[in-house]
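So you can see what is in the structure, the chains are spelled out below.
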Amino acid sequence: DPAFGDSGAAILDFQDAYATWDEPLATFPADDGGYWVIGLHRPDSGADRLAIGKLDANGQADLTFGDQGKTTADVAGVQIDAATMDGDRIYVAAVIRGNGADFAISCLLVDGTPCAGFGMAGQVIVPFDVGGSHDDIANRIVVRDGSLYVSGDVSTDGSDGAWDLATGVAKLDAASGVLDAQFGNLSG
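All figures in this text were calculated on a predicted structure; none of them were measured in a lab.

Colleague: Where do I start with the overall build of the protein in this structure?
Modeller: Secondary structure summary: the protein contains zero helices and 11 strands in total. Start at the N end of the protein and walk to the C end: the helices and strands fall as β-β-β-β-β-β-β-β-β-β-β. A buried classification covers 41% of the 188 residues belonging to the protein. Across the protein, the fraction of contacts at a sequence separation of at least 24, relative to all contacts at a separation of at least 6, is 42%.

Colleague: Help me understand the packing of aromatic side chains in this model?
Modeller: Two aromatic rings, taken as a pair, are described by how far apart their centres are and by the angle between their planes. A full pass over the atoms with the stated rule returns four aromatic pairs. Directly above the ring of Trp-21 sits Arg-42, whose terminal nitrogen or CZ lies 4.6 Å from the centroid. Between Arg-49 and the ring centre of Tyr-18, over which it is positioned, the NZ or CZ distance is 5.9 Å.

Colleague: I keep staring at the pairing of strand 8 (residues 123-126) and nothing clicks. Help me out?
Modeller: It is a general feature of regular strands that their side chains alternate between the two faces of the sheet. Residue alternation in strand 8 divides its side chains into a buried set, Val-124 and Val-126, and an unburied set, Gln-123 and Ile-125. Two elements, strand 7 (residues 103-109) and strand 8, share four bridges in a ladder whose sense is antiparallel. Looking at the pairing, Phe-103 lines up with Val-126 of strand 8.

Colleague: Looking at this structure, I do not really get the sheet that holds strand 2 (residues 35-42). What am I missing?
Modeller: Where strands meet in a sheet, backbone hydrogen bonds hold them as pairs that are either parallel or antiparallel. On the basis of which strands lie adjacent, the open sheet formed by four strands has the order 1-2-3-4 and antiparallel pairing. In the strand order of this sheet, the two ends are held by strand 1 (21-29) and strand 4 (70-74), each with one partner. Going from strand to strand, the sheet's axes swing by 25 degrees on average, the running direction of each strand aside. Across five bridges, strand 3 (residues 49-55) lies against strand 4 in antiparallel orientation. The residue of strand 4 that forms the bridge with Ile-52 is Thr-71.

Colleague: Looking at this structure, I do not really get the nonpolar core. What am I missing?
Modeller: Taken as a class, soluble globular proteins show a tendency for nonpolar side chains to be buried jointly. Formed by 19 residues in total, the largest nonpolar core has its most connected members in Trp-36, Ile-38, Leu-50, Ile-90 and Val-92. Every element with two or more residues in this core is listed here: strand 1, strand 2, strand 3, strand 5 (79-86) and strand 6 (89-95). Once residues within four sequence positions are removed from consideration, Ile-38 is found in contact with Pro-24, Leu-25, Ala-26, Phe-28, Leu-50, Ala-51, Ile-52, Ala-83, Met-85 and Ile-90. Among the nonpolar cores identified, the runner-up in size contains 17 residues, and Ala-93, Phe-103, Cys-107 and Ala-174 belong to it.

Colleague: How do you make sense of the layout of surface pockets when you look at a structure like this?
Modeller: The method is simple in principle: a probe with the dimensions of a water molecule rolls over the atoms, and the space it marks as empty is what remains. Taken as a whole, the largest pocket encloses approximately 200 Å³ of empty space. Lining of the largest pocket is provided by 13 residues; of these, Leu-12, Phe-14, Glu-23, Pro-24 and Val-37 occupy positions nearest its centre. Of all the elements in the fold, those that place two or more residues in the lining of the largest pocket are strand 1, strand 2 and strand 3. Residue contributions to the lining of the largest pocket peak at four residues, all from strand 2. Here the residues of the lining of the largest pocket sort into 10 nonpolar, one polar and two charged.

Procedures and definitions
Residues numbered from 1 in each chain as written. Predicted model: local features only at pLDDT ≥ 70, side-chain atom pairs only at ≥ 80, totals over all residues. Heavy atoms only, no water. Helix = DSSP H or I, 4+ residues; strand = E, 2+ residues; numbered from the N terminus. Buried < 20%, exposed > 50% of the residue type's maximum accessible area, 1.4 Å probe, protein only. Contact = heavy atoms within 4.5 Å. Phe/Tyr/Trp six-rings, centres within 6.5 Å; stacked < 30°, edge-to-face > 60°. Lys NZ or Arg CZ within 6 Å of the ring centre and 35° of its normal. Pairing = 2+ DSSP bridges. Axes fitted to C-alpha atoms, helices over the stretch in contact; angles between N-to-C directions. Core = buried A, V, L, I, M, F, W, Y, C linked by side-chain atoms within 4.5 Å. 1 Å grid on protein atoms, 1.4 Å probe; cavity = no way out; pocket = protein on both sides within 12 Å on 5 of 7 lines; lining within 4 Å. Points joined across faces, edges and corners; volume = space filled by probe spheres on them. Nonpolar A, V, L, I, M, F, W, Y, C, P; charged D, E, K, R; others polar.

This is the structure in structure tokens:
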């Protein structure tokens, strides 16, 4: 559509002194007819930041949002792997290094502030350890009926001393971030 953005394409450039690698993860319709673009802002070293962009219905940066239609926010973890949006809430899954924790879910409002009542300061850690020696990676987040379903790769030690990858799913309450202990075979 040549009337959208610049000859049919829109670009949100988050490059700054912090990072030069921006990657979109998902696009969602906004209530005003525009679009939310959610992604990551990755530096050469250090942790990813969440990139939040807003386009108007014509594909131009929505100048009423953030700085020239974009903003960034810190999240738990170092490497963002998945994100989704539900209303004015953005849920982000990121890998955590160290301390035996595998990944964290952050809940932020569209302005980048943490969601009140979700975990501690908008962040929960999902301890998805099943004996593997590698960090597990959350690949998808789905919001359904007031719950978050997070799925991804879970490492397990193989019988031959190597490691294997399995599929894991965690279910959390979308409002509080508490694991549903009645779900699955590993207490949430």
